[in-house]
Amino acid sequence: MDAPPCPHCGEPLDRVVDVPYGYWEFDGERYQLRTTADTVELSPFACARCLRALGEFHPQDAVRAP
């Protein structure tokens, strides 16, 4: 299964920036947390390519096949 597309740039969301925690990477079935940060005051998820906020997106939500 492919990662869902970014609603802004259209590229696959195979990496998603999670400011306080690092980034999440799509492994073909689900997102896996890859790195962590010590301190950050905001927590928006953003596309790793265009860095635009992803609104309601959360990498732990189920990924649906197109």
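Residues numbered from 1 in each chain as written. Predicted model: local features only at pLDDT ≥ 70, side-chain atom pairs only at ≥ 80, totals over all residues. Heavy atoms only, no water.

To describe a pair of aromatic rings, you give the distance between the ring centres and the angle between the ring planes. For the structure shown, the criterion picks out three aromatic pairs. Here the aromatic rings of F45 and F57 are separated by 6.3 Å at their centres, their planes lie at 80°, and the arrangement is edge-to-face. Pair noted here: F45 is in strand β4 (residues 45-47) and F57 is in the segment after β4, with a separation of twelve residues, a long-range link. F57 matches F45 in its accessibility class, with the two residues each being buried. Through successive ring pairs, a cluster of aromatic residues spans F26, Y31, F45 and F57. (Phe/Tyr/Trp six-rings, centres within 6.5 Å; stacked < 30°, edge-to-face > 60°. Helix = DSSP H or I, 4+ residues; strand = E, 2+ residues; numbered from the N terminus. Buried < 20%, exposed > 50% of the residue type's maximum accessible area, 1.4 Å probe, protein only.)

The next point concerns the sheet that holds strand β2 (residues 22-26). The strand order across the open sheet formed by four strands is β3-β2-β1-β4, and the pairing between neighbours is antiparallel. Of all the strands in the sheet, the pair left with one neighbour each is β3 (31-33) and β4. In this sheet, neighbouring strand axes are inclined to one another by 30° on average, regardless of whether the strands run parallel or antiparallel. Two elements, β2 and β3, share three bridges in a ladder whose sense is antiparallel. Bridge assignment links F26 to a residue of β3, and that residue is Y31. (Pairing = 2+ DSSP bridges. Axes fitted to C-alpha atoms, helices over the stretch in contact; angles between N-to-C directions.)

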